[in-house]
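In case you want the letters, here they are:
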Amino acid sequence: MQATAVLPQLLDIRDKVVRPVADAQRMELLPASAISAPPMVLLLGNHSSGKSSLINHLMARKVQRTGVAPTDDGFTVLMYGDDERTVDGSSLTTHPDLPFSELTRFGPGLVQHMSGQFLNNELLKQVRLIDSPGMIDASGSGSERLYDFISVIRWFAEQCDLILLFFDPEKPGTTGETIATLTEALSGVDHKLRIVMNKMDLFDGIRDFARTYGALCWNLSRSLQTKDLPHIYTTVIPELVREDCLLPLDGFAAALLELEQYINNLPRNRLDTVISGTINECQSLYVRCQVTEYLRNKVKTTRLNGYATAGLFALIGIFYIGLTAFADEAFTRSHLIVGLASFILFLVSIWISNKLALWTEHKGINQLDDTFHAAFAGELANRGLADDLLHTWSNARDGLAKILVVDGLHGLKKVPKRKMKKLRTLIDTELPKLRQ
Ligand SMILES: Nc1nc2c(ncn2[C@@H]2O[C@H](COP(=O)(O)OP(=O)(O)OP(=O)(O)O)[C@@H](O)[C@H]2O)c(=O)[nH]1
Ligand SMILES: [Mg+2]
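Residues numbered from 1 in each chain as written. Chains lettered and ligands numbered in written order. Predicted model: local features only at pLDDT ≥ 70, side-chain atom pairs only at ≥ 80, totals over all residues.

A. Here's a closer look at the overall build of the chain. Scanning the chain from N- to C-terminus turns up 16 helices and eight strands. For 436 residues, the compact-globule formula gives about 22 Å, and the C-alpha radius of gyration of the chain, at 31 Å, lies well above that figure. By its C-alpha atoms, the chain is 120 × 45 × 40 Å across when sized along the principal axes. With 436 residues in all, the chain has 31% of them scored as buried. Pairs at least 24 apart in sequence give 82% of the contacts found in the chain among residues at least 6 apart. (Helix = DSSP H or I, 4+ residues; strand = E, 2+ residues; numbered from the N terminus. Rg over C-alpha atoms; globule rule 2.2 N^0.38 Å. Buried ≥ 20, exposed ≤ 12 C-beta atoms within 10 Å, placed from the backbone. Contact = placed C-beta atoms within 7 Å.)

B. Quick peek at the site of ligand 1. For ligand 1, the set of nearby residues contains 24 residues, the closest of which are Gly50, Ser52, Ser53, Thr66 and Gly134. Here the shell around ligand 1 takes three residues from helix 3 (residues 51–59), the largest share from any one element. Of the residues belonging to the shell around ligand 1, the class tally is eight nonpolar, 11 polar and five charged. (Near = placed C-beta within 6 Å. Nonpolar A, V, L, I, M, F, W, Y, C, P; charged D, E, K, R; others polar.)

C. How the structure looks around unusual backbone geometry. Phi angles above zero are rare outside glycine, and alanine 60 is one such case at about 60 degrees. Among the secondary structure elements, alanine 60 is positioned in the loop between helix 3 and strand 2 (75–80). We classify alanine 60 as exposed; it has 11 C-beta atoms within 10 Å. A positive phi angle, close to 60 degrees, is found at lysine 199, a residue other than glycine. Secondary-structure assignment places lysine 199 in the loop between strand 7 (193–197) and helix 9 (206–223). On the basis of neighbour counts, which here come to 24 C-beta atoms within 10 Å, the residue lysine 199 falls in the buried class.

D. Seen up close, the sheet that holds strand 2. With respect to topology, eight strands assemble into an open sheet ordered 3-4-2-5-1-6-7-8, the strand pairing being mixed. Strand pairing shows two members of the sheet lacking a second neighbour, strand 3 (85–88) and strand 8 (232–234), which therefore form its edges. Taking each pair of neighbouring strands and ignoring which way they run, the sheet shows an average axis angle of 20 degrees. The strands that helix 10 (residues 250–264) touches are strand 1 (40–45), strand 6 (162–167), strand 7 and strand 8; relative to strand 8, the one it contacts most, it runs at about 130 degrees. (Pairing = 2+ DSSP bridges. Axes fitted to C-alpha atoms, helices over the stretch in contact; angles between N-to-C directions.)

Nothing here speaks to function; it is geometry throughout.
Now the structure itself:
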């Protein structure tokens, strides 16, 4: 497959060109393990809607517990391994080859509710599956969980290539956590979202189905920010279908096959996602560098202007004393006064220019948005570029601000112009070319 040839090339570019600039900017890049890892599928949704059952169906054996009452209360990552074994959350988050180390920032409450299963299964060579705790109503916010559920879902959703959001006939989109997930955790990543309306065999007839399907679409359209509804797979897990099912099952079985096909095709689509992700990272990095260098130059110019004034005072003094002393052939009191005055003005100018430079730096950092607008004034005037640029800035801003507020410009190494140029070429031509 083409991806196998392109991925090492992409990793090489990241190591040789992007990483040195990111190090200078103290910007964390996605670890290589996250890029070379197989695509991930996140299974989300109401409790008892069939997430674990679908995993068992895909694995063609029972690997996850299932049940009518809320069953899973944590996240399980299913991955390929020659030797089958189960690992706990801390092994999962500290494993050097797995992209889950960042999850530790959500606290021990999450790590204790995570586990991994290495299974010797062909599908898992291609994709990783993530089973999640069923969503519940309770307080509607999930605050009784020992970690910030919505933020964790958002993290997983950003890393995953496909998000399957499960509903079932009894709860077509009315659960508190499901709505919060749709509106808060999945906004901006909805292009990866597919809906699974499972357990279709439980409907009492076509009217029951039509009413519930309508309710699901209505709830989705209210919660999602996008114009178009995501694709809805209406499925049954064949081995779990009730015997007295009242609806014809062919269409639902076909929908499940279609979903399986989509999952099988993920590795091919993955490369595109990885390239887009790298382009986005490079853009953030480029914007951060430009803003930093703009501010650095402004501070430098302020200081140099001050130094030039100081130099002028010194020159005036030297010239006056030189010329008059040469003409009079004597060193008088007025020479001493002018000399002293020039020297004092020289020192004061140096002091003022240093203070002004410091003030310019603080102002530029405290009003970082203004600094960005000044650094990119030309590009922002072009309406075609402005939206993308503002979006990139919204991603890059906080990381840069954090470093500048604490360490100032000294906290960031200068990035040479040729490296910036190379980064620009990567964004504009080299990385998009890898898609071909
Ligand atoms: N009739 C029928 N039952 C199903 C189907 N899919 C799952 N079930 C049953 O629904 C129940 C819940 O399934 P699970 O797979 O445990 O659901 P889950 O979404 O993982 O639930 P939590 O882990 O609690 O979030 C189990 O008893 C399954 O046997 C289906 O298509 N038809
Ligand atoms: Mg489950």
